[in-house]
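Inside the fold
As a plain string of letters, each chain reads:
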Amino acid sequence: MKRLDETALDLLFREARSQNGWRPEPVPEALLREVYDLARMGPTSANCSPMRIVFVTTEAGKRKLEPALSDGNKRKTAAAPVTAIVAYDLAFYDALPKLFPHEPDARNWFTGSEAHIQTTAMRNGTLQGAYLMLAARAFGLDCGPMSGFDHATVDETFFAGTTWRSNFLCNLGYGDPAALFGRLPRLSFEEACRIA
């Protein structure tokens, strides 16, 4: 594998920022499909792929989402062209015969263990949500991930009668640099890492 060049590293990490303001440029469905098609290629355990997404793009969808948002997230979410409700499917294992076909018993690894199902869905769905943000950045979109919302309200509004559960929200579009905060510090290698 080749190392990405400095421009790509800047795009994905060093210059990328969590956006709070948005320019009024639409994000076409075709681009959302490209983003998902790239993000789905990231690894998950046993290729379980539990992430599910609702791309909220309409005014009606935004009105449905608004009551679940914390006050600090309402205005920026209303202004964003897209809000991705990044969720996970607690019945992800039903797709394992398709996704992990070389192990015919894979589905049974999860049936009967609610804790194992929840942990696997949450962990791998979160990984996939991070892949989604990197894929969006790779296609020139900005991201504004958020956890300030009421999960029960989102789940009842968008996922009632399903096995999908909300994980986090991520606004997508073209950010307004004027709304950015200053870059916050990060922990150094010495503060955050050990070699054993």
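Residues numbered from 1 in each chain as written. Predicted model: local features only at pLDDT ≥ 70, side-chain atom pairs only at ≥ 80, totals over all residues. Heavy atoms only, no water.

The next subject is the environment of Thr83. By the secondary structure assignment, Thr83 is in strand 2 (residues 82-89). On the accessibility criterion, Thr83 (0% relative accessible area) is buried. Look past the residues within four positions of Thr83 in its chain and what remains in contact with it is Val54, Phe55, Val56, Lys62, Leu65, Thr77, Leu169, Cys170 and Asn171. Here Asn171 takes part through its side chain, which lies 2.7 Å from a polar atom of the side chain of Thr83. (Helix = DSSP H or I, 4+ residues; strand = E, 2+ residues; numbered from the N terminus. Buried < 20%, exposed > 50% of the residue type's maximum accessible area, 1.4 Å probe, protein only. Contact = heavy atoms within 4.5 Å. Polar contact = N/O pair within 3.5 Å; in protein donor to acceptor, adjacent residues only side chain to side chain.)

At a minimum axis distance of 9 Å, the contact between helix 1 (residues 6-14) and helix 6 (residues 114-138) shows a crossing angle of 130 degrees. Classified by the angle their axes make, helix 1 and helix 6 are oblique. The crossing of helix 1 and helix 6 is right-handed. Taken together, the residues of helix 6 that come into contact with helix 1 (itself represented by Leu11, Leu12 and Phe13) are Leu134, Arg137 and Ala138. Residues belonging to the contact of helix 1 with helix 6 are distributed by class as follows: five nonpolar, no polar and one charged. (Axes fitted to C-alpha atoms, helices over the stretch in contact; angles between N-to-C directions. Parallel < 35°, antiparallel > 145°, perpendicular 65-115°, else oblique. Left-handed = near helix turned anticlockwise from the far one by under 90°. Nonpolar A, V, L, I, M, F, W, Y, C, P; charged D, E, K, R; others polar.)

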